[in-house]
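Now for the letters of each chain:
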Amino acid sequence: MKCLCTEEKLTKIDNMISSSESLAAKDNSLSGYSYKVSDGDKRPDTGNIEEAELSLRESSSLNYEEARALLGRIEYQKGNIEAAVHVFEGIDITAITPKMKLTLGRRVERYKRRSHDYAPPPMSIHAVSLLLEAIFLKAKSLQHLQRFKEAALTCKVILDVVESSLPEGLPENFGADSKLQETLNKAVELLPELWKFSESPSEAILSYRRALLHHWNLDAETTARIQKQFAIFLLYCGGEANPPNLRSQMDSSFVPRNNIEEAILLLMILLRKVYLKIIEWDPSILDHLSFALSMSGDLRALANQIEELLPGVITRKERYHILALCYYGAGEDLVALNLLQKLLSSCGDPHFVPALLMASRICGEKPNLAEEGINFARRALEDLEDECSELEGTGKLLLGVARSTHSKSALSYSERDSRQSEALQTLESAWKITSVKDPNILYYISLENAEQRKLEAALYYAKSLLKLEGGSNIKGWLLLARILSAQKRFVDGEIAVNAALDQTGKWDQGELLRTKAKLQIAQGLLKSAVETYTQLLAVLQVQSKSFGSHQKLHKDQGYSSRSFEQDIWHDLAYLYISLSQWRDAEICLSKSKAISSYSAVRSHATGILYERKGQLIEALKAFRSALDIDPDHVPSLISAAGVLRQLGTQSNAVIRSLLMNALRIDRMNPSAWYNLGLLYKEEDTASAPEEAAECFEAAAILEDSAPVEPFR
């Protein structure tokens, strides 16, 4: 390799230094170096380097380290990376570090006192700047050679020198006459990246925190870049960092407890800087914050951030769409729907397919809005015009779901059967369009078949779903277990649940454990069921302490762990009532009341407890209390009818009205049919025996195919 330090170039350097001062004291002419590295793979000519070094040292213009620093920089600029490393390795960093620290310390002391009465430092500030720059360029050279750990350790020296010399941080405008601040900025930003490349995530996180917590006098853009890269690393590194030890913070300050919280804090700080016009708008900040808050389940906070964005940062259409997604994810469906309706109005974009599909999904889940959901889905399919088979499949899926929901509001059985048939056909059409690649479609086809008691078809699609997803989705396992329970294959159902538990993290096992307990109850294994419920409550208690009581169990569920805990206490109360353990049942109900006193299920369970004790009047009061809370609570409608029939204080018309109302809401309920049969049996009419027989037959058929818990 031809060395840069030929005789001609050495003469040029000597001409730059006309006095006997150090080269570093006059070194301003080469400050605009480039980091661009050529592709040439050259080997260093050590003979020429040593000759140049000897010549410069003999000129008394440079000391040994400064000569190597300058020559190494020139090699680096030329792209001779290996030669640059060879030159830089000749600098004794250990020997010059104390001198650099002492120089910086005295410089700051002089800067603060504004006095000329001070001991001269062992080096000039320009010499320190040149040597720190050389250390930085050595780190960059090692990075280019993929020696990342060596590069990180080398780069760390710069931060150690500055931090130990200036524990309170760099004074403002300190070193303005040198390249010190520029080198420091780049070193602070580079160090975490080097640790990441060296596969040392914990060191990278410590370096990021060090960069942000120490006073390096960084400019706003550099600080923002570091904050953003740190947030990205926390979100996607795949590991969990130890929480930061912010002892300097006040007691009332927020200290993040995990990666996601720390990333959210950083991203919100960046958004605040955008609002204050400290930095330019960066759309990726909002993208990463959306992901982080979605993962944490706090979509309402994300909505607040979107609402605070200044006009013009994002378009009105994008703002409404993102807000609708946030409110829907936060469980505020009607707010989301209202935003979508504004977006899809004539003043907005009536043909915006994502908004049409989302509006269909929201409406399709609600019986009173299902018809609107059908219309939204049809509009989306019309606007697609065969542009995308995946979106067409999604549109058909949502249309099928809306039709299924709409069927439940049919006034006659024939109309309901017709709507259910249309729903199933639409879902199967979606399945064919997507070439059996969409697990959501398989799930809803299986669910619709199960609800129509086509259990063999439902089982086939549920197994296909698990195969397609590799058993990674809890919903698929739950549906399979419920279908097996409807076929009275309780042992197989429990085996499926156990298989799911083996593949599921502790925090996501709630629904699975609950289903397992109900399968055990169906098998008569009541003691095992109590143990399973106890295990589930223990998991919920630990989860509540770790993450808070309002965290959603997983994204597809719209209730918190606290609400789920209340459901478990209700299940246990029913179990203890069946065992005539009144005291235990009362304890469970008191636990439920401590969570929320406004619960139709708790009032119903209380009524069942009174009924089993023979206190029918008190039981009826409890059932009526449940219906006051939820007029469509089917178990309370049926139980109230049963108690009224036993008391004989009301006409059969009132009792029949309660039961028919229950069947209107859930016509597949065997208990409602059975109680209606008992009512007809007691009537003294010619058709009563036949009607009673039909009701008993329907109850028997439905009981024979009833799951341990609802399919949906």
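## Side note on the overall build of the protein
And step 1. Regarding its fold elements, the protein presents 33 helices and zero strands.
And step 2. Residues counted as buried form 49% of the 712 residues belonging to the protein.
And step 3. Taking the contacts inside the protein whose residues are at least 6 apart along the sequence as the reference set, 62% of them involve residues at least 24 apart.
And step 4. Total accessible area on the protein stands at roughly 34,500 Å², and carbon and sulfur atoms take up 51% of it.

## A few points about the environment of Leu-637
And step 1. In this fold, Leu-637 is placed in helix H30 (residues 634–647).
And step 2. Separated by ten residues in sequence, Leu-637 and Leu-627 have C-alpha atoms that sit 7.4 Å apart.
And step 3. Not counting the four nearest positions on each side in its chain, Leu-637 is found in contact with Leu-627, Pro-631, Leu-658, Asn-661, Ala-662 and Ile-665.

## Quick word on unusual backbone geometry
And step 1. Unusually for a residue other than glycine, Glu-199 sits at a positive phi of about 60°.
And step 2. Along the chain, Glu-199 falls in the loop between helix H8 (180–197) and helix H9 (201–213).
And step 3. Phi at Lys-488 takes a positive value of approximately 65°, unusual for a residue other than glycine.
And step 4. In this structure, Lys-488 sits in the loop between helix H22 (474–486) and helix H23 (490–502).
And step 5. By relative accessible area, Lys-488 is classed as partly exposed at 32%.

## Side note on the pattern of salt bridges
And step 1. Tallied over the entire structure, the rule returns 31 salt bridges.
And step 2. In this structure, Arg-272 engages Glu-308 in a salt bridge whose closest nitrogen and oxygen atoms are separated by 3.4 Å. Of the two residues, Arg-272 is situated in helix H11 (residues 259–275) and Glu-308 in helix H13 (residues 299–308); the sequence distance between them amounts to 36 residues.
And step 3. Arg-272 sits in the partly exposed class, given a relative accessible area of 41%.
And step 4. In this structure Glu-308 comes out as partly exposed when scored by relative accessible area, which is 38%.

## Considerations on the nonpolar core
And step 1. Ranked by size, the top nonpolar core spans 105 residues in total, and within it Met-100, Leu-132, Ile-158, Val-162, Val-188, Leu-302 and Ile-306 carry the most contacts.
And step 2. Considering each element in turn, this core owes the most residues, twelve residues, to helix H6 (residues 125–144).
And step 3. Sequence-distant contacts of Val-188, that is, excluding residues within four places in its chain, are made with Leu-159, Ala-211, Trp-216, Leu-218 and Ile-226.
And step 4. Counting residues in hydrophobic clusters, the runner-up holds 85 residues, among them Leu-427, Tyr-461, Tyr-576 and Ile-577.

## Considerations on the packing of H6 against H8
The description of two helices packed together rests on the angle between their axes and the distance between the axes.
And step 1. Two elements in contact, H6 and H8, have axes separated by 10 Å at closest approach and are oriented at 25°. Considering the angle they form, H6 stands roughly parallel to H8. Relative to H8, H6 is oriented so that their crossing is left-handed. Here Ile-125, Ser-129, Leu-132, Glu-133, Phe-136, Ala-139, Lys-140 and Gln-143 of H6 lie close against H8, whose contacting residues are Leu-180, Thr-183, Lys-186, Ala-187, Leu-190, Leu-194 and Phe-197.

## With respect to the packing of helix H14 (residues 316–329) against helix H15 (residues 333–343)
And step 1. Interhelical geometry of H14 versus H15 gives an angle of 160° and a closest axis separation of 8 Å. Comparing their axes, H15 and H14 come out roughly antiparallel. Considering the relative orientation of H14 and H15, their crossing is left-handed. Packed against H14, whose contacting residues are Arg-316, Lys-317, Tyr-320, His-321, Leu-323, Ala-324, Tyr-327 and Tyr-328, the element H15 presents Asp-333, Val-335, Ala-336, Leu-339, Leu-340, Lys-342 and Leu-343 at the interface.
And step 2. Here the contact of H14 with H15 is built from residues that sort into ten nonpolar, one polar and four charged.

## Remarks on the packing of aromatic side chains
And step 1. With the rule as written, the count across this model stands at eight aromatic pairs.
And step 2. Both rings, one in Trp-431 and one in Tyr-461, keep their centres 5.2 Å apart while their planes meet at 85°; by these two values the pair is edge-to-face. Note that Trp-431 is positioned in helix H19 (residues 413–433) and Tyr-461 in helix H21 (residues 455–469), a separation of 30 residues in sequence.
And step 3. Between Tyr-443 and Tyr-444, the ring centres sit 5.3 Å apart and the planes meet at 85°, which makes this aromatic pair edge-to-face. Accessibility classification places Tyr-443 together with Tyr-444 in one group, the buried group.
And step 4. Taken together, the ring pairs in this structure connect Tyr-208, Phe-230 and Phe-233 into an aromatic cluster.
And step 5. The aromatic ring of Phe-352 is capped on one face by Lys-317, whose charged end is 4.2 Å from the ring centroid.
And step 6. Of note, Lys-475 hangs over the ring of Tyr-443, and the distance from its end group to the ring centre comes to 4.3 Å.

## Let's talk about H9
And step 1. With 13 residues, H9 should reach 18 Å at 1.5 Å per residue; the first-to-last C-alpha distance of 18 Å fits that figure.
And step 2. Each element contacted by the buried residues of H9 is listed here: helix H7 (148–165), H8, helix H10 (220–236) and H11.

## Section: the side chain of Glu-262
And step 1. With respect to the element layout, Glu-262 can be found in helix H11.
And step 2. Owing to a relative accessible area of 7%, Glu-262 belongs among the buried residues under this scheme.
And step 3. With residues near it in sequence (within four places) discarded, Glu-262 still touches Arg-209, Phe-230, Leu-234, Pro-244 and Pro-256.

## Some thoughts on the confidence of the model for the protein
And step 1. Of the residues in the protein, 85% have a pLDDT of 70 or more, and the chain-wide mean is 82.
And step 2. This model gives residues 54–60 a pLDDT under 50, and the stretch forms eleven contacts once residues within four places in sequence are excluded.
And step 3. Segment residues 553–559 is flagged for pLDDT under 50; beyond a separation of four residues in sequence, or across chains, it makes 16 contacts in the model.

## A word on the environment of Pro-121
And step 1. For Pro-121, the position within the fold is in the loop between helix H5 (93–113) and H6.
And step 2. In this structure, the C-alpha to C-alpha distance between Pro-121 and Gly-105, residues 16 residues apart in sequence, is 8.9 Å.
And step 3. In contact with Pro-121, not counting residues within four places along its chain, are Thr-103 and Arg-106.

## Describing helix H32 (residues 670–682)
And step 1. If you check H32, its first and last C-alpha atoms are 19 Å apart, about what 13 residues at 1.5 Å a residue would give, namely 18 Å.
And step 2. Taken together, the buried positions of H32 are occupied by Pro-670, Ala-672, Trp-673, Asn-675, Leu-676, Gly-677, Leu-678, Leu-679 and Tyr-680.
And step 3. One side-chain oxygen of the residue at the start of H32 lies 3.0 Å from the amide nitrogen of Ser-671, identifying that residue as Asn-669.

Rules and cut-offs
- Residues numbered from 1 in each chain as written.
- Predicted model: local features only at pLDDT ≥ 70, side-chain atom pairs only at ≥ 80, totals over all residues.
- Heavy atoms only, no water.
- Helix = DSSP H or I, 4+ residues; strand = E, 2+ residues; numbered from the N terminus.
- Buried < 20%, exposed > 50% of the residue type's maximum accessible area, 1.4 Å probe, protein only.
- Contact = heavy atoms within 4.5 Å.
- Areas by Shrake-Rupley, 256 points an atom, 1.4 Å probe, with all protein chains shown as cover.
- Salt bridge = Lys/Arg side-chain N within 4 Å of Asp/Glu carboxyl O.
- Core = buried A, V, L, I, M, F, W, Y, C linked by side-chain atoms within 4.5 Å.
- Axes fitted to C-alpha atoms, helices over the stretch in contact; angles between N-to-C directions.
- Parallel < 35°, antiparallel > 145°, perpendicular 65-115°, else oblique.
- Left-handed = near helix turned anticlockwise from the far one by under 90°.
- Nonpolar A, V, L, I, M, F, W, Y, C, P; charged D, E, K, R; others polar.
- Phe/Tyr/Trp six-rings, centres within 6.5 Å; stacked < 30°, edge-to-face > 60°.
- Lys NZ or Arg CZ within 6 Å of the ring centre and 35° of its normal.
- Expected span 1.5 Å × (residues − 1).
- pLDDT = per-residue confidence, 0-100.
- Polar contact = N/O pair within 3.5 Å; in protein donor to acceptor, adjacent residues only side chain to side chain.

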